[in-house]
Amino acid sequence: MAGAAAAYFQALRGGRSAETVKVGVSKGVSMSLSVFIAMALSRMMEPEAYGTYLQVLYVYGTLLVLFSLGLPSCYSYFLARTAPGEGRAVVLKLTVMSIAMGCVFSLTLFVFSDGLAGLLGNAALGPCLRLFSVVPVVMMPVAGVEGVLMACRRSGQLALYVCMSRLLTLLCVVCAARMCGGSPLAVTGAFAAASVVSAAWGLWLSYRPFIGVAQSGSGPGYGDFLRFALPVFYAGIYGFVISSASQFFVSRYFGAGEFAVFTNGFREMPLALVVMSAVGAVLLPELSRLSMTDREECIGLWRRSVYKSAMVVWPVAVFCMVFAPEIMTTLFGESYRCGAVLFRLSSLICFVLVVPFFPLMTALGLSRGFARAHLVTAVALVGLDWLAVMYFPSLTVIAAVSVFTRIMCVVSLLLMVSGATGLSVAQLLPLRLVWRLLPVSGVLCCMAKAVTALCGIESAPLTLAVALAVAVPAYLLLSRVFTDENHEEHEIGESVPEAPETMPESSLPAVSVIVACYNSEKTIGAMIESVLSQSYTDWELIITDDGSTDGTPGVIRQYAARDSRIIAMRTDIHYGGPSEARNMGLDRALGQYIAFLDSDDLWLPDKLRVQMDFIEANGYDFVYSYYEKISGGNSRSGRIVATKKMVGYNDILKSNHIPFLTAIIKRSVVGNTRFKDITQEDFCFWLDILKKGVTAHNQCVVTALYRVSKGSRSSNKFKMAHCYWHVIRHHQRTGLALSCRCMVTYAVEGLRKYMI
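Residues numbered from 1 in each chain as written. Predicted model: local features only at pLDDT ≥ 70, side-chain atom pairs only at ≥ 80, totals over all residues. Heavy atoms only, no water.

1. Remarks on the pattern of salt bridges
Okay, step 1: Summed over all chains, the structure comprises twelve salt bridges.
Okay, step 2: For E326, the salt bridge is made with K449, and the minimal N-O distance between the two is 3.3 Å. One end of the pair, E326, is in helix α16 (residues 324–332); the other, K449, is in helix α23 (residues 437–454), and 123 residues separate them in sequence.
Okay, step 3: The class for K449 is partly exposed, based on a relative accessible area of 31%.
Okay, step 4: With a closest N to O distance of 3.8 Å, R609 and D613 form a salt bridge. On the criterion of helical spacing, the pair formed by R609 and D613 is a turn pair, its members being four residues apart in helix α29 (residues 607–618).
Okay, step 5: Relative accessible area serves as the criterion here: at 33%, R609 is assigned to the partly exposed category.
Okay, step 6: One network of salt bridges, in which partners are shared, links R582, D598 and E681. (Salt bridge = Lys/Arg side-chain N within 4 Å of Asp/Glu carboxyl O. Helix = DSSP H or I, 4+ residues; strand = E, 2+ residues; numbered from the N terminus. Buried < 20%, exposed > 50% of the residue type's maximum accessible area, 1.4 Å probe, protein only.)

2. Describing the state of the cysteines
Here, disulfide denotes a covalent bond that connects the sulfur atoms of two cysteines.
Okay, step 1: Overall, the coordinates contain zero disulfides when judged by the stated rule.
Okay, step 2: In this model C175 remains outside any disulfide bridge; the closest cysteine sulfur is found in C172, 7.2 Å from its own.
Okay, step 3: Of the residues examined, C175 reaches a relative accessible area of 41% and is grouped as partly exposed. (Disulfide = S-S within 2.5 Å.)

3. Quick word on the packing of aromatic side chains
Okay, step 1: Tallied over the full model, the rule gives 21 aromatic pairs.
Okay, step 2: Here the aromatic rings of Y60 and F132 are separated by 5.1 Å at their centres, their planes lie at 75°, and the arrangement is edge-to-face. Linking Y60 in helix α3 (residues 47–68) with F132 in helix α7 (residues 125–132), this pair joins segments that are 72 residues apart in sequence. This pair shows no difference in class: Y60 is buried, exactly as F132 is.
Okay, step 3: Centre to centre, the rings of Y161 and W201 are 5.4 Å apart; their planes meet at 75°, and the pair counts as edge-to-face. Taken together, the residues span a long stretch of sequence, with Y161 in helix α10 (residues 155–179) and W201 in helix α11 (residues 184–207) at a distance of 40 residues. (Phe/Tyr/Trp six-rings, centres within 6.5 Å; stacked < 30°, edge-to-face > 60°.)

4. Quick notes on a nonpolar patch on the surface
Okay, step 1: A cluster of nonpolar residues, Y253, L384, W386, L387, M390, Y391, F392, F404, M408, V411 and L415, forms a patch on the protein surface that exposes about 1100 Å² of accessible area.
Okay, step 2: Sorting the residues of the nonpolar patch by element identifies α19 (367–391) and α20 (395–421) as the ones contributing at least two each.
Okay, step 3: Sorting elements by how many residues they give to the nonpolar patch places α19 first, with five residues.
Okay, step 4: Mapped onto the elements of the fold, L387 is located in helix α19. (Patch = residues over 30% accessible without salt bridge, like charges linked within 9 Å, V, L, I, M, F, W, Y side chains within 5 Å. Areas by Shrake-Rupley, 256 points an atom, 1.4 Å probe, with all protein chains shown as cover.)

5. Topic: helix α13 (residues 256–265)
Helical periodicity: at 3.6 residues per turn, an α-helix aligns residues three or four positions apart in one direction.
Okay, step 1: α13 sits mainly inside the fold: nine of its ten residues count as buried.
Okay, step 2: Taken as a whole, α13 has its buried residues at A256, G257, F259, A260, V261, F262, T263, N264 and G265.

6. Observations regarding the confidence of the model for the protein
Okay, step 1: For the protein, mean pLDDT is 79; residues scoring 70 or higher make up 80% of the total.
Okay, step 2: Within the model, the stretch residues 1–17 combines pLDDT values under 50 with 38 contacts to residues more than four positions away or in other chains.
Okay, step 3: Contacts from residues 483–505, a stretch scored under 50 in pLDDT, to residues over four places away or in other chains number 50 contacts. (pLDDT = per-residue confidence, 0-100. Contact = heavy atoms within 4.5 Å.)

7. Digging into the nonpolar core
Okay, step 1: Counting 111 residues, the largest nonpolar core has Y50, Y53, W302 and F357 as its most contacted members.
Okay, step 2: Per-element tally for this core: the top contributor is helix α15 (residues 295–322), with 15 residues.
Okay, step 3: Those residues in contact with Y50, other than ones at most four positions away along the chain, are A38, L41, S42, M45, A260, N264 and Y336.
Okay, step 4: Counting 34 residues, the second largest nonpolar core, distinct from the first, contains F596, L653, I665 and F675. (Core = buried A, V, L, I, M, F, W, Y, C linked by side-chain atoms within 4.5 Å.)

8. Concerning the side chain of T188
Okay, step 1: Tracing the backbone through its elements, the reader meets T188 in helix α11.
Okay, step 2: Classification of T188 as buried rests on a relative accessible area of 0%.
Okay, step 3: One polar contact links the side chain of T188 to the main-chain carbonyl oxygen of P184, over a distance of 2.7 Å.
Okay, step 4: In this structure, T188 is in contact with Y53, V56, C128, L131 and F132, ignoring residues within four places of it in sequence. (Polar contact = N/O pair within 3.5 Å; in protein donor to acceptor, adjacent residues only side chain to side chain.)

9. What about the pairing of strand β2 (residues 539–545)?
Okay, step 1: Judged by how many residues are buried, β2 sits mostly within the fold: seven of seven residues are covered.
Okay, step 2: Alternating residues of β2 divide into W539, L541, I543 and D545 and E540, I542 and T544, and every residue in both groups is buried.
Okay, step 3: Where strand β1 (residues 511–517) meets β2, seven bridges bridge the pair, whose relative direction is parallel. In the strand pairing of β2, A516 is matched with T544.
Okay, step 4: Viewed along the sheet, the connection from β1 through helix α26 (residues 524–532) into β2 turns out right-handed. (Pairing = 2+ DSSP bridges. Right-handed = clockwise from strand over helix to strand, strands pointing away.)

10. Some remarks on the side chain of N122
Okay, step 1: Here N122 is to be found in the loop between α6 (113–119) and α7.
Okay, step 2: Among the residues examined, N122 registers a relative accessible area of 13% and is labelled buried.
Okay, step 3: Separated by 2.9 Å, the side chains of N122 and T52 make a polar contact.
Okay, step 4: A distance of 2.7 Å separates polar atoms of two side chains, one belonging to N122 and the other to Q55.
Okay, step 5: Apart from the residues within four sequence positions on either side, N122 is in contact with T52, Q55 and A117.

Right, here's the structure in full:
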């Protein structure tokens with residue numbers, strides 16, 4: 001059971017993207033707290049009063065799309081394409097534009113509050129809207145905090161902000177409802193107060209990533225923002241009409257009580273919103289980068305996200321359809337059980353929500369087409385809703401119309417992407433894999449339903465608990481079928497080639513050379529040539545690109561096309577360090593021995609031959625050698641760095657005596673050890689290896705050339721020293737006295753290497 005769960009979640013992580021996981025968890029917590037708010041207020045307020053509060057949020061959400069002008073999407077898009085020194089200027093300009101629009105929004109909400117209340121047929125709505133009018137001017141300037149923190153890779157801060165903001169709102173509105181007898185005016189005021197506090201924190205977070213960063217330019221101008229944002233703005237308006245037109249007709253023609261039933265029942269499944277929001281937040285900056293350098297990988301990443309999202313969302317959607325009455329009763333009480341049919345209809349939308357069109361079409365320059373498709377859908381939905389109200393006045397019919405039009409919108413977007421990319425629908429979507437999920441999910445949910453019926457359970461919460469206890473473990477076990485690596489790679493086009501399990505041992509390479517690279521267009525060709533020129537030819541070269549934005553992927557593909565021993569891979573996103581890329585290479589490696597090389601370093605022609613002879617002559621599992629420093633060009637300088645003859649765990653604690661570019665280690669010794677996502681990851685990797693009792697042996701000859709670069713990570717000696725201390729103290733957990741002695745030795749050894 002534990003193995004099945006691990007395999008399932010490993011498949012979902014797709015490149016072990018910590019960014020997506022953090023954002024997804026935070027949005028999941030936020031969505032859960034929103035549901036708790038709805039659950040609490042549904043029980044603490046009368047339906048008419050609760051409906052009035054929901055109408056306040058409905059009006060705010062509707063007008064927010066209009067007054068935001070699509071500006072929130074500009075943050076992640078432009079920050080992904082500008083230099084770090086221009087980031088502060090980008091955020092400042094967007095904040096100024098958002099404040100201006102927020103002031104107009106607040107004034108409009110205050111002045112026209114009674115008119116909006118009359119439009120929705122609820123006189124009690126006017127005072128609430130006037131009180132709520134302070135929210136737009138404080139919240140709109142922080143609408144882009146998610147884009148800023150995601151583009152700057154601060155997903156942990158974003159997760160904390162999202163969760164704590166929602167928790168603050170929960171506490172404020174619930175306390176207000178309890179103390180003021182469920183008054184909608186009091187609850188609205190509490191929501192506004194929580195928004196002011198959240199806005200202050202969010203504005204501080206938006207500028208925090210740029211503290212200490214030297215400004216290098218003004219970045220894009222206001223015109224650039226508007227040219228990008230307006231198509232997104234139009235699509236946002238049309239999209240909101242699509243999502244809220246039905247609510248308007250219900251509120252206008254059915255009353256506040258029926259509006260509360262419709263809003264609670266016809267709500268999109270929270271998990272689907274969480275997953276797609278997190279996926280979209282991560283995909284937009286990444287697809288924006290990839291679309292400029294590697295369109296094929298751009299489509300591949302998007303395609304993989306569809307499959308992995310479906311693995312999470314589709315089974316839960318099926319479960320919600322089967323157990324809709326129990327879910328409605330558990331969440332909102334028996335009086336809302338009648339909304340089960342609406343909840344079933346809304347769950348149907350989740351099957352198409354897993355396709356994230358917005359980030360892909362934005363990255364490919366199809367935002368105008370995205371807007372047009374939503375315009376047609378919005379017009380069709382409004383017309384059909386009006387016909388339903390006039391001739392078939394039923395909440396169910398209105399919900400069915402909304403589902404039908406949204407599915408048609410997705411179909412039109414899919415055809416649009418297919419035409420723009422020249423790929424068929426079958427090539428864009430992993431259809432054969434995702435369709436397997438439906439029958440399995442259906443059978444498991446029916447099995448859970450049968451178990452609850454046989455047990456004679458009548459309580460809705462207990463029914464859900466038992467059903468989940470039956471369905472979830474069964475699905476995790478069966479998920480092995482969907483996470484089978486060979487099927488997934490064949491169907492989804494994963495950029496990581498899988499090792500053939502049945503390859504005879506005699507045909508496996510002796511040495512797997514692992515290389516991680518990022519924006520190495522100027523040096524990676526020379527590095528590859530140094531491996532190709534080896535007199536020892538029994539090797540494979542695995543190069544993993546960490547989301548480069550220059551011509552690096554093209555250089556790698558050219559060499560891979562020339563020599564089958566070169567394997568090109570690419571991470572799903574840019575991780576900002578070599579650990580993930582190297583780990584992908586280790587997972588793919590077939591050789592009996594593992595060697596490492598950086599994209600700007602070189603090997604001498606006999607490097608592998610002399611070291612493999614040294615290994616065979618002595619039976620060593622781990623060897624390394626001297627290296628020579630070079631700078632600028634590839635000419636040799638005679639600056640040879642000699643290291644210890646033999647290194648064990650206690651030796652390397654005092655200083656990293658094993659040059660990374662010279663090491664060769666037996667793959668069985670590496671085992672499951674992998675690089676940690678920290679600075680000095682190679683040093684920590686050697687510590688983890690030698691901690692097993694292994695000894696590394698020095699051949700004491702020069703085999704490699706190390707390029708000295710001012711911009712390299714190792715050029716900042718003070719930072720490297722701090723990271724060294726962090727590794728031995730926190731990762732290796734050495735005592736304070738030993739750590740201090742090691743630090744002195746490290747400093748002396750570092751000075752010796754620096755003087756060479």
